[in-house]
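Working through the structure, step by step
Each chain is listed here by its residues.
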Amino acid sequence: MPDKNRLRRAVLTGTGTYLPEKIVTNADMALQVDTSDDWITERTGIKQRHFAAPHETAAFMGAEAGRRALEAAGMAPEQLGAIIVGTSTPDQAFPSTAVHVQAALGATNAYGFDIAAACSGFIFGLSVADAMIRSGQVESVLVIGSEVYSRILNFADRGTCVLFGDGAGAVLLQARDVEKDGAGLLSTHLHSDGRLAEILYVDGAVGQPDKPGHLVMNGREVFRHAVTLLSGAVNEALAANSLTAADIDWLVPHQANKRIIDGVGKKLGLPPERVVVTVDKHANTSAASIPLALAAAVADGRIKPGQIVLLEALGGGLTWGSALLRL
Ligand code: UT7
C-alpha cells in the first residue's frame, strides 16, 4: 500500500554555473556606445556583464554548468535521465543545444530538447521537468538556462545593448519520495500572451533569408507590464500553496532590471535582504539569469536546505511565470 503522506517530487540536488571569462564594465560599454555608468546604474542596477568568446557557445557553457550541477549532486553523467535547455541563442537551429550538452557530458542514457520561451525559458523548463518526474517518466532531469545574447545585440541601439550579458546556470532535479512538507518543486505557473510579441523580439531567424536577427525591445512597454504580470504570477504561486509572502525565505527573480526586482519585492512586502540580486554582476542573461542567481545564493550559503524559494521570470512572447520550491 502506498503511503498517502508521502509524495513523489522533483527535488533540487545540485546547482552549477558557467560565466565567460571576459568581463565588460559599464565604463567599457561607454567607450563603444553613447552611454554612461551613471545612466546604466541608475536605470537598471547593472555594473558589468560577461561577454562570450567565440568558443563559449550556449552548448559549451550549458555543458560546463551542467557538469558542475551533476558534480555537486554526486551523480555520474550516465545516470542522468533527461536534459532540458532553455535558450534563445542556440548553437544551431537543430540539433538542439541539449543534445550537444548530452554529448559533451557523456550522458548516454539521457534524452534532451530545448525550450524557447526567452527569459522565462528556465521556469518553463522547470515546469516540464517537474511534470516528467512526477509522472514517473524519468528519475532525473538537468534543467539548464544558457544564453549568448552578445551575439544578437544591436550595438547601434544603446537602449538595449547595455542591458544583456552571457552565461549559463543549471540545476539537477531528482525524483524523491518525500513527506508532504518535505523538499521539492511545489508548483509552477506559466503564461504567455502572443499579442505582446512586438514589444520584445528578435527581428530575424535561420528560417528567414539573410536575416540572423537582432534583439529589439520597447523597454518602457515591457517595464509597464513586468511588475503587474510578475506580481500576479507570484501571488498565484502563494495562493496555490496556501502560503503568504511571510512564508517565503527567498525570492530569486529574473535579473532584468533592479527597479523591476524592487517593484515586485515591494508589492509582495518582502524585505530586500530576502531577495537575491545578481543583475549588477551578470546583467540580463535571459534564461540563464535565475539559475545563475539561485546557484550563487546556494553556493555562498544564503539559501539553506529546508527553505522556501520563489522564482519568477518574464520575457519575450510575452512569456512569464513562477515556480515555488523547498530546498
Ligand atoms: O528580460 C526581458 C525583460 N526586459 C526588461 O525587463 C526590460 C524592461 N525595461 C527596462 O528595464 C527599461 O525600460 C530600460 C532600462 C530599458 C530603459 O529605462 P527607461 O527608464 O524606460 O528609459 P527610456 O527608454 O524611457 O529612456 C530614457 C532616456 C531616453 O532619452 P530621452 O528621450 O529622454 O532624451 C533614451 O534615449 O534615456 C536614453 N537612453 C540612454 N541614455 C544613456 C536610452 N538608453 C540609454 C543608454 N545610455 N544606454
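Our subject is the structure that appears above.
I will try to describe carefully the structure that is included in this document. (Residues numbered from 1 in each chain as written. Predicted model: local features only at pLDDT ≥ 70, side-chain atom pairs only at ≥ 80, totals over all residues. Heavy atoms only, no water.)

Section: the site of the ligand
Surrounding the ligand, one finds 23 residues, the nearest of these being Thr35, Arg43, Arg220, Asn257 and Asn284. Within the side chain of Asn257, an N or O atom sits 2.6 Å from an oxygen atom of the ligand. In the complex, the protein chains occlude 75% of the 960 Å² of accessible area that the ligand would expose alone. For the shell around the ligand, the secondary-structure elements that each account for two or more residues are helix 2 (37-44), helix 6 (158-161), helix 7 (219-240) and helix 8 (258-268). For the shell around the ligand, the element with the highest residue contribution is helix 7, accounting for four residues. (Near = heavy atom within 4 Å. Polar contact = N/O pair within 3.5 Å; in protein donor to acceptor, adjacent residues only side chain to side chain. Areas by Shrake-Rupley, 256 points an atom, 1.4 Å probe, with all protein chains shown as cover. Helix = DSSP H or I, 4+ residues; strand = E, 2+ residues; numbered from the N terminus.)

Focus on helix 5 (residues 121-134)
Its 14 residues place the ends of helix 5 20 Å apart at the C-alpha level, agreeing with the 20 Å of an ideal helix rising 1.5 Å per residue. Across the 14 residues that make up helix 5, a large majority, 11, are buried. Buried residues of helix 5: Gly121, Phe122, Ile123, Phe124, Gly125, Leu126, Ser127, Ala129, Asp130, Met132 and Ile133, and no others. Gly136 lies just past helix 5 and shows a positive phi near 90°. (Expected span 1.5 Å × (residues − 1). Buried < 20%, exposed > 50% of the residue type's maximum accessible area, 1.4 Å probe, protein only.)

Description of the side chain of Ser289
Looking at where Ser289 falls in the secondary structure, it is placed in helix 10 (residues 289-299). Of the polar contacts made by the side chain of Ser289, one reaches the side chain of His254; its length is 2.7 Å.

Re the packing of aromatic side chains
Overall, the coordinates contain four aromatic pairs when judged by the stated rule. Summarising the aromatic geometry, the rings of Tyr111 and Phe113 are spaced 6.4 Å apart at their centres and angled 10° between planes, so their arrangement reads as stacked. By relative accessible area, which is 28% here, Phe113 ends up partly exposed. With centroids separated by 5.3 Å and ring planes inclined at 25°, the aromatic side chains of Tyr149 and Phe164 adopt a geometry described as stacked. Taken together, the residues Tyr149 in the loop between strand 6 (140-148) and helix 6 and Phe164 in the loop between helix 6 and strand 7 (166-179) connect sequence positions 15 residues apart. Across the pair, exposure class does not vary: Tyr149 and Phe164 are buried alike. (Phe/Tyr/Trp six-rings, centres within 6.5 Å; stacked < 30°, edge-to-face > 60°.)

Overview of the side chain of Ser322
Mapped onto the secondary structure, Ser322 falls in strand 13 (residues 319-326). By relative accessible area, which is 0% here, Ser322 ends up buried. Side-chain polar atoms of Ser322 contact the backbone oxygen of Ala233, separated by 2.8 Å. If we ignore the near neighbours within four places in the chain, the residues touching Ser322 are Ile123, Ser187, Thr188, His189, Ala233, Val234, Ala237, Leu311 and Glu312. (Contact = heavy atoms within 4.5 Å.)

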